[in-house]
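The residues making up each chain are set out below.
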Amino acid sequence: MRAMLAARALLVAVVLTSCDEDPRSPPEPEPTPEPAPPSWHANVGPLVQQKCSGCHVEGGIGHFALKTYAQAYAQRDAIKAAVQSRHMPPWPPSNDCARYLDDRSLSDEQVALISRWVDEGAIEGNPADAPAVPPAPIGGISRVDQTLKMPTQYTPQQRPDDYRCFLLDWPYTDTQYVTGFRANPGNMGIVHHVIAFLAEPHQVAEAQALDDREPGPGYTCFGGPGLNGGQAAWLGSWAPGGPGQDYPAGTGLRVAAGSKVILQVHYNTHPSLHGQTGPDLTSVSFKVDASVDKVAFVQPWTNPDWVNQKLMNIPAGQADVVHSWAYEPTSIADQLTGGLFQKDKPLTVHSVALHMHTLGTSTRLDIQRGSGERECLLDIPRWDFHWQASYLLEQSRVVNPGDSIRLECHWNNSAPGATEVNWGEGTGDEMCLGLFYMTQ
């Protein structure tokens, strides 16, 4: 009997042991290895080249160059602070509003990557690990048909901001269409932005008179070229980092024979920004075609009563002054474009821009549908006077009869010693202006 009990005990032990050692049971998972620290060559350098190198080059508008590992390593803490605060790269539009081409903003993952790189020692890595990155483009237009240059060098006379307009001859003897634009800043250390306005043949004498009235090259033009209260057609604009662009395929801006180009250059010589000065000789390049499928027009958008009757009052001592205005552009499309477009017909908006001065805090442009719904075109929640541009929508928007385009601006005029401010051309005045590139 004792032999049988011993045999049973042995059998149970064998069965239990075989269960514990079942080969079908999954093995214990191996510990996940810690990810390798990001390096400059493999991870961070290509991102900086893509998002930052338009400004951060030797002699550029950025405070320092970021072309090499040594340059980035020396500024690693400043880089981390700037990207975490979203101060850099400069990308004012809210991505919750719409999507635009050539977006310089960083995703949350990209900010985390740069921060981790700094926190883990800002490793250089192996240059052989660098992915192939296309060289930074020298211009974003597919071809250059005409380049116009300032008539002579100009050194800024007003500090820290000097807006100067230069009158340039348009060389064509028949009607042509601007289908792409690129600015070529002569002195990247002081040129902050460039706008090419159109002086049509009937405006040329007025523009020439403005130029003749002031000594030296060009004339002072805060806020605009000074024609018809600043309401002049735009041919193109540039802000730091912008390589220029072709306009949407088949569209272009009409330029009649006998026109001139008014080149507005904003110079900024504030020592905390650049600490640079010296002469500038900026030029602008155009892609030009003899015909297009659709004529385009860059439309300034603001309340005429703000401009003509000074009804955009911004009282002193108030931290959030708001003005807004909406109107149906299709109902006056013929008047807005000098007869280029028909009234009460749909308009297509391709790109958008907003403009205020130094008291601005936020601004927004919407399509207010006839149904009551709103569709955001451009929202700049943290206005920065020194970063202004036109933004090309990934998906164009149609504005139908009955739809309005609504403009809203906010200002902070609560600083000690503040005085009442209204619409005006000077930097100390204010504006609330939208612009959009449209076709019909």
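Everything below is about the structure printed above this text.
Note that the structure is predicted; figures quoted are calculated from it, not measured.

### A look at the overall build of the protein
Then, number 1: On a plain count of helices and strands, the protein comes out with 8 helices and 18 strands.
Then, number 2: Relative to its full complement of 440 residues, the protein shows a buried share of 46%.
Then, number 3: Across the protein, the fraction of contacts at a sequence separation of at least 24, relative to all contacts at a separation of at least 6, is 81%.
Then, number 4: A total of about 21100 Å² of accessible surface is found on the protein, and carbon and sulfur atoms cover 52% of it.

### Here's the deal with the pairing of strand E4 (residues 191-199)
Then, number 1: With 9 of 9 residues buried, E4 lies mostly within the body of the structure.
Then, number 2: Where E4 meets strand E9 (residues 260-268), 8 bridges bridge the pair, whose relative direction is antiparallel. Residue pairing for E9: His193 is matched across the bridge by His266.
Then, number 3: Note: E4 against strand E6 (residues 234-238), 4 bridges, orientation antiparallel. Note on E6: the bridge partner recorded for Val194 is Trp238.

### A word on the pattern of salt bridges
Then, number 1: Per the counting criterion, the structure on display carries 14 salt bridges.
Then, number 2: Ionic pairing is found between Glu120 and Arg116, a salt bridge with its closest N-O pair at 2.9 Å.
Then, number 3: Two residues, Asp366 and Arg364, come together in a salt bridge whose shortest N-O distance is 2.9 Å.
Then, number 4: Take Asp366: its relative accessible area is 1%, and that puts it in the buried class.
Then, number 5: Note on Arg364: relative accessible area 30%, which makes it partly exposed.
Then, number 6: Three or more residues joined by partner-sharing salt bridges are found here, namely Arg369, Glu375, Arg397 and Asp403.

### A look at the sheet that holds E4
Then, number 1: The 5 strands lie next to each other as E5-E2-E9-E4-E6, forming an open sheet whose pairing is antiparallel. Each edge of the open sheet carries a strand with a single partner, namely strand E5 (219-220) and E6.

### A word on helix H5 (residues 108-119)
Then, number 1: Between its first and last C-alpha atoms H5 spans 16 Å; for 12 residues at 1.5 Å apiece the expected length is 16 Å, and the two agree.
Then, number 2: Those residues of H5 that sit buried are Val111, Ile114, Ser115, Trp117 and Val118. Projected down its long axis, H5 shows its buried positions confined to an angular sector of 155°, all on one face. Opposite the buried face of H5, by more than 90 degrees, sit the exposed residues Asp108, Glu109 and Asp119.

### A word on the sheet that holds strand E17 (residues 404-413)
Then, number 1: If you walk across this open sheet you meet the 4 strands as E12-E17-E14-E15, and the pairing is antiparallel. Both edges of this open sheet fall to strand E12 (318-327) and strand E15 (374-380), since each of them pairs with a single strand only. Neighbour to neighbour, the strand axes of the sheet diverge by 15° on average, direction disregarded.
Then, number 2: Direction of pairing for strand E14 (residues 360-368) relative to E15: antiparallel, over a ladder of 6 bridges. Counted as the bridge partner of Asp366 is Cys376 from E15.

### Brief notes about the packing of aromatic side chains
Then, number 1: One pass over the structure, following the stated rule, counts 17 aromatic pairs.
Then, number 2: A ring pair is formed by Trp91 and Tyr391, whose centres lie 5.2 Å apart and whose planes are at 85°; its orientation type is edge-to-face. Residue Trp91 is found in the loop between helix H4 (76-84) and H5, and its partner Tyr391 is found in strand E16 (residues 391-399); the two are separated by 300 residues along the sequence. For the pair shown, Trp91 and Tyr391 are each scored as buried.
Then, number 3: Relative to Trp234, the ring of Phe197 has its centre 5.3 Å away and its plane inclined at 80°; by these criteria the two rings are edge-to-face.

### Overview of the environment of Leu393
Then, number 1: Looking at the element boundaries, Leu393 is found in strand E16.
Then, number 2: Put simply, Leu393 and Ala98 are 295 residues apart on the chain and 7.4 Å apart in space, counted from C-alpha to C-alpha.
Then, number 3: Non-local contacts of Leu393, meaning those with residues more than four positions away in its chain, are made with Ala98, Arg99, Tyr100, Val349, His350, Ser351 and Leu377.

### Describing the side chain of Asp379
Then, number 1: When you line up the elements, Asp379 lands in strand E15.
Then, number 2: Assessed through its relative accessible area of 16%, Asp379 is described here as buried.
Then, number 3: The contacts of Asp379, once residues within four sequence positions are left out, are Pro92, Pro93, Ser94, Cys97, Tyr100, Thr363 and Arg364.

### Brief notes about the state of the cysteines
Then, number 1: Applying the stated criterion across every chain, the model contains 3 disulfides.
Then, number 2: Here Cys165 is linked by a disulfide to Cys221, with a sulfur-sulfur distance of 2.2 Å. For the disulfide bridge between Cys165 and Cys221, the dihedral angle about the S-S bond is near 100°, and by the sign convention the bridge is right-handed. Of this pair, Cys165 sits in strand E2 (residues 161-169) while Cys221 sits in the loop between E5 and E6, placing them 56 residues apart in sequence.
Then, number 3: Classification of Cys165 by relative accessible area gives buried; the value is 0%.
Then, number 4: Overall, the relative accessible area of 3% leaves Cys221 in the buried class.

Rules of the game
- Residues numbered from 1 in each chain as written.
- Predicted model: local features only at pLDDT ≥ 70, side-chain atom pairs only at ≥ 80, totals over all residues.
- Heavy atoms only, no water.
- Helix = DSSP H or I, 4+ residues; strand = E, 2+ residues; numbered from the N terminus.
- Buried < 20%, exposed > 50% of the residue type's maximum accessible area, 1.4 Å probe, protein only.
- Contact = heavy atoms within 4.5 Å.
- Areas by Shrake-Rupley, 256 points an atom, 1.4 Å probe, with all protein chains shown as cover.
- Pairing = 2+ DSSP bridges.
- Salt bridge = Lys/Arg side-chain N within 4 Å of Asp/Glu carboxyl O.
- Expected span 1.5 Å × (residues − 1).
- Arc of directions from axis to C-beta.
- Axes fitted to C-alpha atoms, helices over the stretch in contact; angles between N-to-C directions.
- Phe/Tyr/Trp six-rings, centres within 6.5 Å; stacked < 30°, edge-to-face > 60°.
- Disulfide = S-S within 2.5 Å.

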